[in-house]
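This is what each chain is made of:
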Amino acid sequence: LAKTTQPISMDSYEGQEVNITCSHNNIATNDYITWYQQFPSQGPRFIIQGYKTKVTNEVASLFIPADRKSSTLSLPRVSLSDTAVYYCLVGGNTGGFKTIFGAGTRLFVKA
Amino acid sequence: GAVVSQHPSWVICKSGTSVKIECRSLDFQATTMFWYRQFPKQSLMLMATSNEGSKATYEQGVEKDKFLINHASLTLSTLTVTSAHPEDSSFYICSASYGTGTEAFFGQGTRLTVV
């Protein structure tokens, strides 16, 4: 399982775009990149998943360069409710494969 | 999306007693479920992989006799913390998926406090 490295914490203001980068230098050919969000005392919530290039859904975008050794989660126009811990995971598509969590990035959105 | 439900959401028990936590996939069948433990301000730590109809696979350092896992059906896995002690107090979370090629869905977690 590829190890991931993320910033420990980030601060932002409401309305700003937030980009959280994750390094995964040892990513394997069949590994996917998945991001989860976790609020205090709740289970993680799936945000987005990708394999290469760019993926976008209603809440975020995921940018993956050609070498796939890193990825960037982009949250457009964050609000106070986006204050949470964000985890980047790399591995076989999480379904059916054990998912190892790194330390995550604690995002704090200020008014 | 698929829903995974844990019960109870929180539990307080006396030291030395056992506590059972249930994890259910409400609208899909899950051949594999995972159990995690999370201490305050820390990340999730994988405890074990639960496979329907077979013995669970435990991660290194997790006592299988203390944390009993049963996956009796495709929609239910249980974690029993036996002879609980205050150091077992933690947030326990399960996850499940409906197959390879899909993402994992997490339960809401169970806060265990051993007094």
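Placed above this text is the structure.
Residues numbered from 1 in each chain as written. Chains lettered and ligands numbered in written order. Predicted model: local features only at pLDDT ≥ 70, side-chain atom pairs only at ≥ 80, totals over all residues. Heavy atoms only, no water.

A word on the overall build of chain A
Part 1 of the argument: When helices and strands are counted, chain A shows zero helices and nine strands.
Part 2 of the argument: Mapped from its N terminus to its C terminus, chain A presents α and β elements in the order β-β-β-β-β-β-β-β-β.
Part 3 of the argument: Viewed in the frame of its principal axes, chain A has a C-alpha envelope of about 40 × 30 × 25 Å.
Part 4 of the argument: Looking at chain A as a whole, 47% of its 111 residues are labelled buried.
Part 5 of the argument: Across chain A, every contact between residues at least 6 apart in sequence was considered, and the portion connecting residues at least 24 apart equals 57%.
Part 6 of the argument: When the accessible surface of chain A is totalled, it reaches about 5500 Å², and 52% of it is carbon and sulfur.
Part 7 of the argument: Taken together, the 10 basic and 7 acidic charged side chains of chain A have centroids lying 7 Å from each other. (Helix = DSSP H or I, 4+ residues; strand = E, 2+ residues; numbered from the N terminus. Buried < 20%, exposed > 50% of the residue type's maximum accessible area, 1.4 Å probe, protein only. Contact = heavy atoms within 4.5 Å. Areas by Shrake-Rupley, 256 points an atom, 1.4 Å probe, with all protein chains shown as cover. Lys, Arg positive; Asp, Glu negative; His and termini not counted. Charge placed at Lys NZ, Arg CZ, Asp CG, Glu CD.)

What to know about the state of the cysteines
In a disulfide, the sulfur atoms of two cysteines are held together by a covalent bond.
Part 1 of the argument: Per the counting criterion, the structure on display carries two disulfides over all chains.
Part 2 of the argument: Bridging Cys22 of chain A to Cys88 of chain A, the disulfide has an S-S length of 2.2 Å. Residues Cys22 of chain A and Cys88 of chain A are joined by a disulfide whose S-S torsion is about -80°; by sign, that bridge is left-handed. A residue pair is termed long-range when its members are at least 10 positions apart, and Cys22 of chain A in strand E2 (residues 18-23) and Cys88 of chain A in strand E8 (residues 84-91) qualify at 66 residues.
Part 3 of the argument: The buried category is assigned to Cys22 of chain A, whose relative accessible area is 0%.
Part 4 of the argument: For Cys88 of chain A, a relative accessible area of 1% translates into the label buried.
Part 5 of the argument: Put simply, Cys23 of chain B and Cys94 of chain B are joined by a disulfide, and their sulfur atoms are 2.0 Å apart. Across the S-S bond linking Cys23 of chain B and Cys94 of chain B, the dihedral sits near 80°, which makes this disulfide right-handed. A residue pair is termed long-range when its members are at least 10 positions apart, and Cys23 of chain B in strand E3 (residues 19-25) and Cys94 of chain B in strand E9 (residues 90-96) qualify at 71 residues.
Part 6 of the argument: On the accessibility criterion, Cys23 of chain B (0% relative accessible area) is buried. (Disulfide = S-S within 2.5 Å.)

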